[in-house]
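One-letter residues, chain by chain:
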Amino acid sequence: MPEFAHRTRLVALVVAALGVTAATAPVAVGERPAGVATAQQQPGPFDDSFYVPPRTLPEGEPGDVIRWRPALPALNAANADAWQVMYLSTNALGERNAVTATVLVPRGADPAKAPIVGYAPGTQGPAFKCTASKAIERGTLYDQPAVNDLISRGYAVAVTDYEGYSPETTPTYITGRSEGPALIDAVRAAQRFPQAKLSPEAKVAFQGYSQGGGAAMWAGEQQPAYAPELDLVAVAGGGVPADLNEVAEGLNGYVGFGFLAFAAVGLDAAYPELDLDSYLNDTGRQAIAEAKQQDCVVELLAKYPGKKISDYTDRDPLPTPQWQARIEENELGTRPIRVPVFQYHGAVDEIVNTPQAEALHRRYCDQGVPVTWMTYPVDHLAGIFAGNADAGRFLADRFEGKPAEPNC
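- An unreviewed UniProt entry lists the protein under the name Lipase family protein, with Saccharopolyspora ipomoeae as the source organism.

1. Quick notes on the overall build of the protein
Then, number 1: What the protein contains, in helices and strands, is 12 helices and 11 strands.
Then, number 2: Restricting the contact set of the protein to residue pairs at least 6 apart, pairs at least 24 apart contribute 77%.
Then, number 3: In the form shown here, the protein has an accessible surface area of approximately 15700 Å², with 53% of it arising from carbon and sulfur atoms.

2. So, helix α11 (residues 354-366)
Then, number 1: Given a rise of 1.5 Å per residue, 13 residues ought to cover 18 Å, and the 19 Å separating the end C-alpha atoms of α11 matches this to within 8%.
Then, number 2: Where α11 is buried, its residues contact α5 (211-226), α6 (244-251), β10 (341-346) and β11 (371-376).
Then, number 3: With its phi angle positive at about 85 degrees, G368 sits one or two positions after the end of α11.

3. So, the pairing of β11
Then, number 1: Pairing analysis gives six bridges linking β10 to β11, with the strands arranged parallel. Each residue of the ladder has a partner; that of G346, found in β11, is Y376.

4. Structural notes on the state of the cysteines
Then, number 1: The final tally for this structure, using the stated rule, is two disulfides.
Then, number 2: Through a disulfide, C130 is tied to C296; the S-S separation comes to 2.1 Å. Handedness here is read from the sign of the S-S torsion; for C130 and C296, about -95 degrees, the answer is left-handed. With a gap of 166 residues between them, C130 in the loop between β6 (116-120) and α2 (132-138) and C296 in the loop between α8 (282-294) and α9 (297-302) connect regions that are remote in the sequence.
Then, number 3: C130 gets classed as buried once you look at its relative accessible area, which sits at 1%.
Then, number 4: A disulfide bridge connects C365 with C408, and the sulfur atoms are separated by 2.0 Å. Across the S-S bond linking C365 and C408, the dihedral sits near -80 degrees, which makes this disulfide left-handed. Here C408 lies in the segment after α12 (380-399) and C365 lies in helix α11, a separation of 43 residues in the sequence.
Then, number 5: On the basis of relative accessible area, C408 is assigned to the exposed category, the value being 58%.

5. Points about the side chain of Q356
Then, number 1: Tracing the backbone shows Q356 in helix α11.
Then, number 2: Classification of Q356 by relative accessible area gives buried; the value is 4%.
Then, number 3: A polar contact is formed between the side chain of Q356 and the backbone oxygen of N353, at a distance of 3.0 Å.
Then, number 4: Residues contacting Q356, with those up to four places away along its chain left out, are V240, P241, A242, D243, E246, V247 and H345.

6. Focus: the pattern of salt bridges
Then, number 1: Summed over the entire model, instances satisfying the criterion amount to 14 salt bridges.
Then, number 2: For R188, the salt bridge is made with E229, and the minimal N-O distance between the two is 2.7 Å. Of the two residues, R188 sits in helix α4 (residues 176-192) while E229 sits in the loop between α5 and β9 (231-238), which places them 41 residues apart along the sequence.
Then, number 3: R188 sits in the buried class, given a relative accessible area of 7%.
Then, number 4: Using a relative accessible area of 43% as the deciding quantity, one classes E229 as partly exposed.
Then, number 5: Via salt bridges that share partners, D185, R188 and E229 belong to a single interconnected network.

7. Side note on the packing of helix α3 (residues 144-152) against α12
Then, number 1: Close contact between α3 and α12 brings their axes to 10 Å; oriented N to C, the two are set at 25 degrees. The orientation of α3 relative to α12 falls into the category roughly parallel. Read as a crossing pair, α3 and α12 show a hand that is right-handed. Each of P145, A146, D149 and L150 in α3 lies in contact with α12, whose residues at this interface are F385, N388 and L395.

Reading the values: the criteria
By convention here, each chain's residues receive numbers from 1 onward along its written sequence. Under the rules for a predicted model, residues below a pLDDT of 70 receive no local features and side-chain atom pairs below 80 are neither given nor counted, while totals for whole chains, interfaces and linings still include all residues. Hydrogens are left out, water is left out, and the side-chain values use all remaining heavy atoms of the structure. Helix numbers and strand numbers start at the N terminus; a helix is a DSSP run of H or I with at least 4 residues, a strand a run of E with at least 2. Any pair of residues with heavy atoms lying within 4.5 Å of one another is described as a contacting pair. All accessibility values rest on the Shrake-Rupley procedure with a 1.4 Å probe; residue burial counts only the protein chains present in the view. The span one expects for a helix is its residue count, reduced by one, times 1.5 Å. In this scheme, strands are said to pair when DSSP sees at least two bridges between them. Only a pair of cysteine sulfur atoms within 2.5 Å counts as a disulfide in this structure description. The buried label goes to any residue with under 20% of its type's maximum accessible area, the exposed label to any with over 50%, and the partly exposed label to all in between, with areas taken from a 1.4 Å probe on protein chains only. Counted as a polar contact is a pair of N or O atoms within 3.5 Å, where, for protein atoms, one must be capable of donating a hydrogen and the other of accepting one, and residues adjacent in sequence contribute only when both atoms are in side chains. Criterion for a salt bridge: a side-chain nitrogen of Lys or Arg within 4 Å of a carboxyl oxygen of Asp or Glu. To define axes, lines are fitted to C-alpha atoms, for helices over the stretch in contact only, and angles between the resulting N-to-C directions are given on a 0 to 180 degree scale. Put simply, angles under 35 degrees are roughly parallel, angles over 145 are roughly antiparallel, angles from 65 to 115 are roughly perpendicular, and the rest are oblique. For a crossing to be left-handed, the near helix must be turned anticlockwise from the far one by less than a right angle; the clockwise case is right-handed.

As structure tokens, then:
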């Protein structure tokens, strides 16, 4: 397929997935000041300061809620009560941070008996306006059909925004050691948030696609040591970027270069010593500054096809020892997931190449992880829709206590 036609199709698919835009607003904010165990109601409609963490984080454990406000998803087809929460978590350096998420609880179900899915959204983009919780309220989250399917099954869903989405910060995109805790702690926050009325003993699963598939796998790998109290029963991840070096090689000079550039920005935000700016030329500095202000997933696809690292840098940072050390720290498959895993991928994925995902599948199998692996005859963006129904059935069977049937 010619490059222009291929890019046009990709952008069209994303735009179609995003659907209509309908702006809504929360109506109140609750915040937990330092040392105070219960939230206080505060007004805060249309107030982006909700996303700015307190200068001094409150005392507490990962997953404790700092502040909250009601939310009204624009495409709330599954009829759920919804809140935005800010909660304590852990960054890639092991330091305390604050992350936001949307908690959705199906109406008509007993929340005390509802399983909980920690949902990790796919790539949103570097600009603050791209935050997943904002997309949920606009009705532009392309993962929303998957989220609604989960809610319609009677599950509560905690959709993390990941670290770094605020007017003052940069997302630590694709940094697994940040994404895993952000997703795990979104579930903890949902369990500890009194208004949701969810059980601390609820069965839990992690799910996501693309960036979210990687985050779900990271949460699965980290959960036994990081959150052993969770009753985790399953992990479902599709389009997983397991080996960042392999993924980068497939993006440099091709249609998905915008994702590679965003990944470099995300790693630099997670690990300041990487000093991305010192490698950039003037074109690179201008492009990244503009992307941080303007670019969401459509722009990442539309603005950078065919671009190369050499177009934006004086020298390539990725091969350097400093960058390679951090990239290797964020490679999946170095420890087993202790619960059944459903891993799926597009057979002709042109964004997150399929062989590196197959390699992760083999590593998990070698470690004794009960993996069900499935491919679909689709590209990357179509993969979320191709695999969503099977992922939903996989989680449903695990919540019902049915044994998995791995195909290692």
